[in-house]
Amino acid sequence: MSSDSLWRWTLRALPLAIAVGFGLTLWVGLAPAAPGARAFPDLAPDHPELGRRAYAHCLGCHGVAGQGIPGYSPSLTDSAVVLGSPASLARLLLNGAPQSPRWNQHMPAFKDRFSNAELAALLSLVRSSWGNAAPAITAAEIAAARRSQP
Amino acid sequence: MKRLLPLGAILLAIGAGVVLGCVLLAQRAQAQAAQLAPPAITGTAQHLEFALSDHHGRPLRSADLRGRLLLVYFGFTTCPDICPTELGYLHRLLVGLGADAARVTPLFITVDPARDTVPVLANYVGLFDARLIGLTGAEDAIRAAADSVGVVYSRTDVASTVPGFYLMNHSRSTYVIGPDGALIQRLDASAPLEAAVLAIRSLMKDLP
């Protein structure tokens, strides 16, 4: 191809190239956000402090040592719910729990407040603190629990 | 080399498209934020006045902070839902302000001094944001601080098996206080974060 015809094709392609750049930018910029906002946008998903920081949202009811308040909010230590199925625990945190005859305080739903990584760090911290010794929960398990929502 | 020039022109054209797209997205975000920005409070005679202790036990008075923009939240550390939500929002607001966050002072004033002692506050505020200053003091000093900007709160007994267990009902807004101590705006977590960032940035223009 001669140099002249190459430039002719290039000039013809310029509007298309501009449109490609423009379209890609809008596609990325207007894409819907991933489920679950990040409560700590300044911390990387694997930041070691993520779980402890997220627990700030829990300690009003469950206490600094997960002890809970009898009749008001359950203890997180030696709890079958905390130490049991990761999927069930994840769903409980995502959807919250209503007030009940046993517990006088409802638990809010956290699905829109935390990212998967933040919820995983929070639950992993709770499952390994205050005498608890259950395996960590991954962000992928939280994502799966989100997908399994009705 | 000459044959690479057309490729360079194409790449430049794609770059120009990206720039155009970014400009459009920025304009759109700004228009949305301006539309949603919470209204400023005008004509208020309320000025924040307090003489309390910070979460290190050091005395702090409202007069010490004149000249700064303050973001003030009244709450309590055993709050089950509203305080963590609002303080989490305050943290994201500070992150959203980026370097401009250094020009504001965020305060958390407890309305439950009986339980929120200096060590309790010290443990609590840092979990939300290292820049957040916790304040506590005598019951009447806290009541005076709350009254100065129209914050209301009261104790509510709650049924549990712990005798005397209670919660605090309280105003849920974050109070934006100007450099002269005047209440100029109230924010809460229901306002879109981008709108709040824009509102705070616009107030910074008047800072000394």
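About the thresholds
- Residues take numbers from 1 onward in each chain, read along the sequence in its written order.
- Chains and ligands are labelled by the order in which they are written, letters from A for the one and numbers from 1 for the other.
- Two thresholds apply to this predicted model, a pLDDT of at least 70 for residue-level local features and 80 or more for giving and counting side-chain atom pairs, whereas whole-chain, interface and lining totals are computed over all residues.
- For the purposes of this entry, the term helix denotes a DSSP run of H or I that reaches at least four residues, the term strand denotes a run of E that reaches at least two, and both are numbered from the N terminus.
- The reference for a compact globule is 2.2 Å times residues^0.38; the radius of gyration itself is calculated from the C-alpha atoms.
- Three classes are used. A residue is buried when 20 or more other C-beta atoms lie within 10 Å of its own, exposed when 12 or fewer do, and partly exposed in between, with C-beta atoms placed from the backbone.
- Placing C-beta atoms from the backbone, we regard two residues as in contact once those atoms come within 7 Å.
- We call Asp, Glu, Lys and Arg charged. Ala, Val, Leu, Ile, Met, Phe, Trp, Tyr, Cys and Pro are nonpolar, and the rest, Gly among them, are polar.
- Throughout, the edges of the domains are those of an automatic or database domain assignment.
- By definition, a nonpolar core groups buried Ala, Val, Leu, Ile, Met, Phe, Trp, Tyr and Cys residues that connect through C-beta atoms lying within 7 Å of each other.

Undergrad: Is there a simple way to think about the overall build of chain A in this case?
TA: Check the secondary structure of chain A and you find seven helices and zero strands. Since a compact globule built from 150 residues should have a radius of gyration of about 15 Å, the 24 Å found for chain A marks it as more spread out than a globular shape. Dimensions of chain A, computed from the C-alpha atoms along their principal axes, are close to 85 × 30 × 25 Å. In chain A, which comprises 150 residues, the share counted as buried stands at 33%.

Undergrad: Would you take a moment to explain the interface of chain A and chain B for this structure?
TA: In many reports, interface size means the accessible area that the parts give up when they come together. Taken together, the contact between chain A and chain B spans 32 residues of the former and 34 residues of the latter. Only helix H1 (3–29), helix H2 (50–54) and helix H3 (59–62) of chain A provide two or more residues apiece to the side of chain A that touches chain B. Here the element with the most residues in the side of chain A that touches chain B is H1(A); it accounts for 15 residues. Within the side of chain A that touches chain B, the residues separate by chemical class into 19 nonpolar, 10 polar and three charged.

Undergrad: I keep staring at the domain arrangement of chain B and nothing clicks. Help me out?
TA: Per the domain assignment, the segments making up chain B are domain 1 (2–36) and domain 2 (51–204). Once you take the C-alpha centre of each, domain 1 of chain B and domain 2 of chain B turn out to be 41 Å apart.

Undergrad: Can you walk me through the nonpolar core in this structure?
TA: Side chains of a nonpolar character, in soluble globular proteins, are inclined to be buried together. With 69 residues, the main nonpolar core has Ala90(A), Leu119(A), Leu123(A), Val72(B) and Ile109(B) as its most contacted residues. By residue number, the principal contributor to this core is helix H6 (residues 116–127) of chain A, which donates eight residues. Contact partners of Leu123(A), with chain neighbours within four places excluded, come to Leu89(A), Ala90(A), Leu93(A) and Ile137(A).

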